Amino acid sequence: MAEREQVDRISLSLPAGLLERFDMLVDERGFDSRSQAVGELISRELDRYSASQGRQIMTGTIVLVYGHTNGDLKRRLADIQYDHIAEVIGSLHILLEKEHTMEVVIVQGKANKLRKIANELITCKGVTSGSMTLTSSLMPPVQYPAEVDDLTV
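Residues numbered from 1 in each chain as written. Predicted model: local features only at pLDDT ≥ 70, side-chain atom pairs only at ≥ 80, totals over all residues. Heavy atoms only, no water.

So, about the environment of Thr123. Tracing the chain through its elements places Thr123 in the loop between α4 (111-122) and β4 (127-135). Polar contacts involving the side chain of Thr123 include one to the main-chain carbonyl oxygen of Asn119, which spans 2.6 Å. (Helix = DSSP H or I, 4+ residues; strand = E, 2+ residues; numbered from the N terminus. Polar contact = N/O pair within 3.5 Å; in protein donor to acceptor, adjacent residues only side chain to side chain.)

Moving on to the sheet that holds strand β2 (residues 88-96). The four strands lie next to each other as β2-β3-β1-β4, forming an open sheet whose pairing is antiparallel. What marks the edges here is a single partner per strand, and that holds for β2 and β4. With strand direction ignored, the average angle separating the axes of adjacent strands in the sheet is 15°. Both strand β1 (residues 57-67) and β4 contribute to a ladder of eight bridges, which runs antiparallel. The residue of β4 that forms the bridge with Ile62 is Met132. Against the sheet, helix α3 (residues 71-83) touches β1, β2, β3 (100-110) and β4, its axis set at about 170° to β1. Packed onto the sheet, α4 meets β1, β3 and β4 and runs at close to 165° relative to β4. (Pairing = 2+ DSSP bridges. Axes fitted to C-alpha atoms, helices over the stretch in contact; angles between N-to-C directions. Contact = heavy atoms within 4.5 Å.)

Residue position: Gln81 is located in helix α3. The class of Gln81 is buried, set by a relative accessible area of 10%. In this structure, Gln81 is in contact with Val88, Ser91, Glu103, Val105 and Leu121, ignoring residues within four places of it in sequence. (Buried < 20%, exposed > 50% of the residue type's maximum accessible area, 1.4 Å probe, protein only.)

Right, dumping it as structure tokens:
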């Protein structure tokens with residue numbers, strides 16, 4: 001069983017109208033409590049702040065939408081990903097209606113480097129929309145079984 005993280009209690013004072021709107025958000029999103037909702041909002045804002053600072057290692061997704069018939073664009077997007085192979089973990093292609101593709105690129109690295117990669121991908125001619133989302137939670141390092149160490153290439 002996972003050990004529970006220590007919790008500190010704080011107190012907030014909010015204008016009645018803001019609290020009313022917040023309670024509606026808590027209900028609509030299905031949070032168990034106001035505390036859970038406040039924690040999620042603070043966590044999201046801290047991730048956004050870390051991403052803006054650029055120095056923290058973060059994990060994220062870059063989502064692109066483009067026409068799938070453009071072979072030059074697909075090649076250019078793949079080339080950019082290969083240029084940043086240390087940060088690009090993988091990608092998923094989803095075929096959409098009207099000959100469009102949604103590509104989700106999973107990345108991990110310094111936030112400023114990930115922003116640079118996202119900008120390179122999103123600004124390619126033929127990409128119709130794109131966005132990046134980052135989180136401070138990281139992927140665990142790959143651990144190989146002992147027998148892999150014995151293999152020679």
